[in-house]
Amino acid sequence: MAPSDFSLLLFLLLILSSNLPHIHVQSTEEGFVSIEIFNKGLNFSKDLLIRTAISSLTPLELPKIEKPVKIPFIGTVHITFSNMVLYRVDVSSSTVKSGDRGIAIVASGANGYMNMDWSYHYNTWLIPDISDKGIAYVEVEGMEVGLTLGLKNQQGILELSLLECGCHVKNISIKLDGGASWLYQGLVDAFGKKISSAVEDTISHKIEDGIKKLDSILQSLPKEVAVDEIAALNVTFVNDLVFSNSSTSLEIDGLFTAMHEVVAFDHYARNSRASVSFEGPAKMVAISIHEKVLNSAALVYFNADVMHWIVDKIPNQSLLNTTEWRLVIPQLYKQYPDDDMRLNISITSPPIIRVAQQNIDATIYSDVTIDVLAAGEVIPVACVSLVVSLSGYPEISRNNLTGNVKLKNFTMFLKWSKVGNLHMNLLEPVIQTVVRTVLVPYANLVLWRGFPLPDFKGYRLHNAQIRYVDSRVIVCSDVASSAQGNLNPFMV
């Protein structure tokens, strides 16, 4: 997993809160895509964050300790601990709380396990140089690590700061491999506090370095993500994070833009508050997508001039020959007997998308030009304007919002004709067949590709539910691991 991918994941893991009585998706003034993490997500995120931090911190090398110690009946002994390595940490409990200052994370009741080399030397009046060495095993007991993080939005970029950080060791026990009994007591008395301080200081400094690196990664996050060669998604953060007693939320702009269009940190007027309750087991995360996101996508693709199609093959191919139309448009068959035809379909304005109570509705305005292929020429002979109404039913596939559409209604009128007046009541079944067998399947093919939801690299949405409220599609879901990755922001 790339560092930038993990930074977004870890950021989402850190924005945590407490109890979830019901799912409540709120928006403030600007963002059109919002993300909220709830109680179940808290537990999942907390455990993952701690496992990630431990794997990043261990093995942890501590600085060498040297000290002269006075031992009764022996004198001054010069003792050295070297190659000190904390190789394992077990955490028994942890908490995460959000407040006015930021997010407080505490891991308590932790035990750490170390090994190291020890050596000593001293002189007596009888023997000028006495020395020994061996291995020591240390258990660090009752360790507590706490940190408070601040997260702010600075012109569309998240700024992460470490407000407080500390590590406290309650007790240590030392087991020597070799050495005399007097040495053990001397080590405990002389080095217990020094080993505890070395563990506390080294872990604190490692966390500080990791937060600085993570903040640097957050600063480098892109403000747009490419969807394809035409469109990009504006992922600029808007507003500060919102903390409440039931959830913590963040918002991104979320609108589609043309590729390589400059992304500005602008302010958009919109948005009342939306809330919705889901029945069944509590979920981890809720993602709210405003209908303006869908309409911005429609506008980008319309402006890119890709919403037009030439239809020269359909399931009932005989319909694309003037012979089949001799009763519908007699003058067409008279002027162009037994000639092939094609339909030139163009969307004349950006599709209008609305989030309804149980689905998504779309209204599409288009022109269908009837072309005759005669003597090697393409001859436009008539044009019919259509207003097509579709109903869409979203689904979650991998990490995309996908779905399918069904024809709800359509109306048509003659725009112009070079082959006399057309009997629209006779033409309607033909056009309806084209809409059902060509346009709707094509729309479903596009929708099958899906709209990318905010990305949890290495994790996917699981057991998702979809609701519609206040012009928004709300996806409420658990998060499950989909791949193994390097979750190591603290790795030097």
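The rules behind the values
One numbering rule holds for all chains: residues counted from 1, following each sequence as written. Predicted model: local features are reported for residues with pLDDT of at least 70 only, side-chain atom pairs are reported and counted for 80 or more only, and whole-chain, interface and lining totals are derived from all residues. Remark: hydrogens and water are excluded; side-chain values derive from all non-hydrogen atoms of the structure. Values of pLDDT, ranging from 0 to 100, describe the predictor's confidence in every residue of the model. Whether two residues touch is decided by their heavy atoms; if any such pair falls within 4.5 Å, the residues are in contact. Helix and strand definitions here come from DSSP, where helices need a minimum of 4 consecutive H or I residues and strands a minimum of 2 consecutive E residues; each element is numbered from the N-terminal end. Accessible area is worked out with a 1.4 Å probe on protein chains only. A residue is then buried under 20% of its type maximum, exposed over 50%, and partly exposed in between. What makes two strands pair is DSSP finding at least two bridges between them. By definition, a salt bridge exists where a carboxyl oxygen of Asp or Glu is found within 4 Å of a side-chain nitrogen of Lys or Arg. What is meant by a nonpolar core is a set of buried Ala, Val, Leu, Ile, Met, Phe, Trp, Tyr and Cys residues, joined one to another through side-chain atoms within 4.5 Å. Within the patch definition used here, like charges are joined within 9 Å and nonpolar side chains (Val, Leu, Ile, Met, Phe, Trp, Tyr) within 5 Å, considering only residues with over 30% relative accessible area and no salt bridge. Only the protein chains shown count as cover for residues, and all accessible areas are computed by the Shrake-Rupley method using a 1.4 Å probe.

Draft legend 1. Seen up close, the confidence of the model for the protein chain. Scored by pLDDT, the protein chain comes out at a mean of 80, with 81% of its residues at no less than 70. Across residues 265–273, where pLDDT falls below 50, the model places 36 contacts with residues more than four positions away in sequence or in other chains. Scored below 50 in pLDDT, residues 484–492 shows 28 contacts in the model against residues more than four places distant or in partner chains.

Draft legend 2. Geometry of the environment of Ser204. Checked against the element boundaries, Ser204 lands in helix α3 (residues 181–219). For Ser204, a relative accessible area of 10% puts it in the buried group. Distance in space between the C-alpha atoms of Ser204 and Val145 is 8.3 Å, their sequence separation being 59 residues. When residues no more than four places from it in sequence are discounted, the contact partners of Ser204 are Cys165, Gly166 and Cys167.

Draft legend 3. Representation of the pairing of strand β8 (residues 157–168) in the model. One ladder, built from eleven bridges, connects strand β7 (residues 130–154) with β8; its direction is antiparallel. What sits directly across from Val145, in β8, is Cys167. Turn length for the β7-β8 hairpin, with the two strands adjacent in sequence and antiparallel, is two residues, and the turn residue Gln155 shows positive phi of about 55°.

Draft legend 4. Main features of the pattern of salt bridges. Scanning the model with the defined rule gives five salt bridges in all. The shortest N-O distance in the salt bridge between Glu291 and Arg354 comes to 3.7 Å. Highlighted residues: Glu291 in helix α4 (residues 291–303) and Arg354 in strand β18 (residues 352–355), separated in sequence by 63 residues. For Asp371, the salt bridge is made with Arg342, and the minimal N-O distance between the two is 3.1 Å.

Draft legend 5. A look at the nonpolar core. Of all hydrophobic cores here, the largest spans 125 residues; its most connected members are Met114, Met143 and Ile195. Of the residues forming this core, the biggest block, ten residues, is contributed by α3. When residues no more than four places from it in sequence are discounted, the contact partners of Met114 are Leu62, Met84, Val85, Leu86, Tyr87, Ala136, Tyr137, Val138, Val140, Ile195 and Val199.

Draft legend 6. Seen up close, a nonpolar patch on the surface. A contiguous nonpolar surface patch, about 460 Å² in accessible area, is contributed by Tyr442, Leu445, Val446 and Trp448. If you trace the backbone, Trp448 turns up in helix α6 (residues 424–449).

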